[in-house]
Amino acid sequence: MCGIVGYVGAEDAKEILLRGLEKLEYRGYDSAGLAIANDQGVHVYKEKGRIATLREAVNQTEAGTVGIGHTRWATHGAPSKLNAHPHQTARYTIVHNGVIENYEQVRREYLPDVEMTSDTDTEIIVQLVEKFASDGETTEVAFRHALSLLKGSYATALLDLEDPETIYVGKNKSPLLIGLSDGVNVVASDAMAMLQVTKEFVEIMDEEIVIVTKDNVTIKKMTGDVVTRDSYVAEIDSSDIEKGTYPHYMLKEIDEQPFVIRNIVTKYKDEDDSIKLDDNVRQAVLGADRIYIIAAGTSYHAGLVGKEMIEKIAHIPVETHIASEFLYNMPILSKKPLFIFISQSGETADSRGVLVNVKKLGHQTLTITNVPGSTLSREAQFTLHTHAGPEIAVASTKAYTAQMAVLVILAVDAARASGLEMDFDPLQELGIVANAMEIFTEKKDVLEEIARDYLSVTRNCFFIGRSMDYHVCMEGSLKLKEISYIQAEGFAGGELKHGTIALIEEGTPVIGLATQENVHLNLRGNMKEVVARGAYPCMISMDGFQEEDDKIVIPKVHNYLTPLVSVIPLQLIAYYAALHRGCDVDKPRNLAKSVTVE
Ligand code: F6R
């Protein structure tokens, strides 16, 4: 969701900014723009649509060694060239991520006579800076003054026509990093955008501003006090974010799952092959009388599986909640809760809102994320890293299986530490899972055929399962709808007949998942109910429970771990369905990878 880049150095900034914006495309956007500063002024280019369109619009002869760029995912004002960033006044040019909640109020109070040129909340920031600077404040003071009036989230970068060698940066709640190099400094919402320039980054905290020139980076609090902070080296390699020979990131990331699971096993294994986990995390889990898992979308679905794992293995009660619901409708909490935030990006605003609230209440917090330096990771007391490598496709795949792998390790660790008898070695069983996942790399043609047969022309599709399979069905249906735009629902097998079965008609595709020992026969009964009403059934079962007409049989894995394997055929079916329907698999419409607004 929205992305910012900035460059101040010795080379022409245009190509670096355009490449940076391309690296941020995965986050989701609907328009893009950039501003290049040189002796002749600040030149703005912006376009609705893809970076490729912006690239064509940029005047390649207009060179400048300082610039800022932006991808916009519309919140205030439609996606259009007018509303695309940068926004400008006579002297200043700005790009902004986030949402200014009080922009109407600020506009009425401070800018009543200023005619706005866009429908965005962003424009008030640049107008405020212009106003305060024309009242006699320096740019830095005017910038801090403007930011101090805002409520909401922002990561923002500002250029001053009268000082074109400097980028002024401000941050609150939205992600932002400064990249450091020799005679070059850069700004990025995500390190991936600027790995082309440097791997050395410094984090910016909320309510800080940064003054960036080619030789200096000065971080200040809103009071003007200077802050010193060490830089860190980003652990990702630019090759991690390339597609290689794959046609889509999503397919690459689906295929990476066996490797990711093996990597997690390595990272969480001690020299004596036991689980390696920070003792503070262990104590936080053991000390909790109830765990609250908070997440959104696919991560929420991993949390549903996590609840089952932790309750069954570690005997600790767990509730899994949708972050955006929990935020404004908090249930009565137990006396000693532990909050676990699951988030691929570590930036999801809904989850962060809950984190901020429960921290105020003094509760223990743990984030499970793929991005250790992310906001949720920094702000929670503890972090467990999912080690899945950058996930670029908007539809989450490897992050989901990685989250469940870490959850099962956490559950077994707690069970062992509390002295529960266990005949389940998660590290060994995850190795079996990785091998089972691998067989789907060889079975892609079968899944492509299923997608063609069942989903080429349909307008809807149902996924039914029971117990853990039900949660995987919710994930399978989310994958299908988000990338193929087929209306899909994941249902508990026994629940369909309580209303939704009315939607089944001749030829309606119903994908059934039957991997759970105690309920696979019940699910087959539910499948018969829909077939009797005309459904077109596609049965996915597990070795040991299969029947003759099953379309896919997944290899046998431990009952707790079936979701990690059964989801893979569903991911691939969704992928091929989207492909056959001509959809943009990696960048589905209306979606953003990192959802940094509520
Ligand atoms: C779906 C998907 C989303 C995310 C959700 C939460 O494929 O990716 O549903 O799971 O937006 O994002 P994170 O995990 O980054 O908090």
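Residues numbered from 1 in each chain as written. Predicted model: local features only at pLDDT ≥ 70, side-chain atom pairs only at ≥ 80, totals over all residues. Heavy atoms only, no water.

Student: How should the pairing of strand E17 (residues 318–322) be read in this particular structure?
Tutor: For a regular strand, the rule is simple: side chains alternate between the two faces of the sheet. As defined by bridge partners, strand E16 (residues 290–295) adjoins E17 across five bridges and the pair is classed as parallel. Looking across to E17, one finds that Ile294 is bridged to His321. Considered for its hand, the β-α-β crossover made up of E16, helix H10 (residues 297–314) and E17 is right-handed. (Pairing = 2+ DSSP bridges. Helix = DSSP H or I, 4+ residues; strand = E, 2+ residues; numbered from the N terminus. Right-handed = clockwise from strand over helix to strand, strands pointing away.)

Student: What should I look at first to understand the site of the ligand in this one?
Tutor: Close contacts around the ligand come from 15 residues, with Ser299, Ser343, Ser345, Thr348 and Glu482 the closest. Residue Thr298 places a main-chain N or O atom 3.1 Å away from an oxygen atom belonging to the ligand. Within the side chain of Ser343, an N or O atom sits 2.6 Å from an oxygen atom of the ligand. Protein contacts shield 90% of the accessible area of the ligand, which totals 410 Å² for the unbound molecule. For the shell around the ligand, the secondary-structure elements that each account for two or more residues are H10 and helix H17 (468–484). Across the shell around the ligand, the residue classes break down as five nonpolar, eight polar and two charged. Residue assignment places the shell around the ligand across two domains, with domain 2 (244–439) and domain 3 (443–585) each supplying three or more. (Near = heavy atom within 4 Å. Polar contact = N/O pair within 3.5 Å; in protein donor to acceptor, adjacent residues only side chain to side chain. Areas by Shrake-Rupley, 256 points an atom, 1.4 Å probe, with all protein chains shown as cover. Nonpolar A, V, L, I, M, F, W, Y, C, P; charged D, E, K, R; others polar. Domains from an automatic or database assignment.)

Student: Honestly, the sheet that holds strand E25 (residues 552–554) in this entry has me stumped. Any pointers?
Tutor: One open sheet holds the five strands; their spatial order is E22-E21-E23-E24-E25, and the pairing between them is parallel. Edge positions in the sheet fall to strand E22 (487–492) and E25, since each has one partner strand and no second. Strand-to-strand twist in this sheet, taken as the mean axis angle between neighbours without regard to direction, amounts to 20°. Where strand E23 (residues 509–514) and strand E24 (residues 536–542) come together, six bridges link them in parallel fashion. By the bridge assignment for E24, Leu513 is matched with Ile540. Along the sheet face, helix H16 (residues 444–455) touches strand E21 (460–465), E23, E24 and E25 and points at about 155° away from the line of E24. (Axes fitted to C-alpha atoms, helices over the stretch in contact; angles between N-to-C directions. Contact = heavy atoms within 4.5 Å.)

None of the figures reported here should be taken as evidence of function without further support.
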